[in-house]
Amino acid sequence: MDSRQMESLMKDSESGMLEKKEVLISNLNTDHEKQQLDSGTSLQLFLDRIPISSIPGINNSSVLELKTGDTVGDAIQMLYEKDVFGVPIADILDLDPDYDRRRFSDRYIGFIDFASMFLWCLEELENGVRRAKGVGGEEIRGNAFFAMLAQNPDISQTKVGELAKSFLWNPFFPVHLDETLFRVLLLLSKHPLQVVPVIDRANSNVTGFITQNAVIQLLLQSSGLEWFDSIANKPLSEFLFENEEHVVHVYGDQSIAEALHVLWRSRIGAIAVLNRETNRLVGSIRCSDIYLLIENETFLHDRKNLTIEEFIHVETGNKGSDPTIERDLGALFSAGILRLKNNFLPRMDSPAINKKTDTLMQVMKNMAETKSTFSFLVDDFHIAIGVLTLRDVIIQFAPPCIDSTIHGVGFFESALEQTGCHVKDGTLVCNQ
């Protein structure tokens, strides 16, 4: 897709969303005149009027999939060559002759991403003290990572299905094209999902994905509505976030190998890079940056000697792209196909940051504009004091979950109280 096509698509999508927002606000205002709606009802009315099928980019193209019988080596190579971050996993181990007559969506049993498989393989290689050697004993230089895997079939030939009970798999909780954004919000707030797969009810095929970024983009369309502004305009200091006082980090003078190990061990999407002398935040390493170790063989071969500081200053942006279009594409590239080599992300040495005096709205806009999945909280001295993820933000707009141990957050608790309702044993109970 060239710049003109992207710009045209962006304008059409943006125009459609703005028109939808005006109609929704008008409808909600009309409803409000008829009866005084609580903020929770207003939220559900708003989100229930945004069908998933209207999300820009949700029908970009066909979706790739992996089968449980595929090998990890082949899976990593396919995702890298096809420039895809993650794919659903289809179960092909069912030998029932009537298998083909089952609903296609029944085949999907999980979701797996490129970075998790890559880090798992690298960790296994490191633990086994294995190295890919040429005939003369020199380390193989061409396509280094795939060469190493080829020399270690016990790792590369592992079946994707054999990793089913490991953390490498993400659960598969789909939605249908004819459902609404409210259903997506429920899933993302209750489960630690990277993406929500979208299935076309007509043919049961996966047509695309809704990412957390896309949800943030669409929630921002609610700006101007009382239920949204009452939460989004609060400063971060009034919220309680899971990791607001904890930052997984490495120092810039450590090796790339050490950073990869910490990224693997921490099981999170990004780690902070600090200056050892000042403790100031100087960058980050994300799971989305892992593919660079395949593109630049030097980083992979010399990962135990090259420093993190050298790695994070690598130029990864698309020099031929239009920065204005990139900044304003909105949900278009936050849904549909999951790109591996994402040129819209900020550089590793310029991660998204916020301060606790910022509002939740400012964090959402910052993440949306940078297409980031996290933002580091820093103090006046640029020292990282916490980290916020997209899920941290989404949960603030989440209704009470069915799980009785979770009672809802943010304005939903007060909204329920105002309407005489509460959650008991996982059930919504109302007095009227």
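As the structure is a computational prediction, the values presented were derived from the model and not from experiment.

Criteria and thresholds
- Residues numbered from 1 in each chain as written.
- Predicted model: local features only at pLDDT ≥ 70, side-chain atom pairs only at ≥ 80, totals over all residues.
- Heavy atoms only, no water.
- Helix = DSSP H or I, 4+ residues; strand = E, 2+ residues; numbered from the N terminus.
- Buried < 20%, exposed > 50% of the residue type's maximum accessible area, 1.4 Å probe, protein only.
- Contact = heavy atoms within 4.5 Å.
- Pairing = 2+ DSSP bridges.

> Help me out: how do you make sense of the environment of Phe374 in this one?
By secondary structure assignment, the location of Phe374 is in strand 11 (residues 374-378). Of the residues examined, Phe374 reaches a relative accessible area of 6% and is grouped as buried. For the pair formed by Phe374 and Arg391, sequence separation is 17 residues and the distance between their alpha carbons is 8.9 Å. Apart from residues no more than four positions distant in its own chain, Phe374 is found in contact with Ala270, Ser284, Arg286, Ala352, Met367, Val387, Leu388 and Thr389.

> Mind showing me how you'd approach the environment of Leu338 here?
Considering the arrangement of structural elements, one finds Leu338 in the loop between helix 14 (323-328) and strand 10 (353-354). On the accessibility criterion, Leu338 (9% relative accessible area) is buried. Sequence separation between Leu338 and Asp83 is 255 residues, and the spatial gap between their C-alpha atoms is 8.2 Å. Leave out the neighbours within four places in its chain, and Leu338 touches Asp83, Val84, Phe85, Gly86, Phe111, Val195, Phe209 and Thr211.

> Would you mind showing me how to read the sheet that holds strand 4 (residues 175-176) here?
Think of a sheet as strands paired side by side through backbone hydrogen bonds, with each pair either parallel or antiparallel. Ordered by their spatial adjacency, three strands build an open sheet running 4-5-6, and the pairing between neighbours is mixed. The sheet terminates laterally at strand 4 and strand 6 (205-211), the two strands that pair on one side only. Pairing between strand 4 and strand 5 (residues 195-200): two bridges, direction parallel. Residue pairing in the sheet places His176 in a bridge with Ile199 of strand 5.

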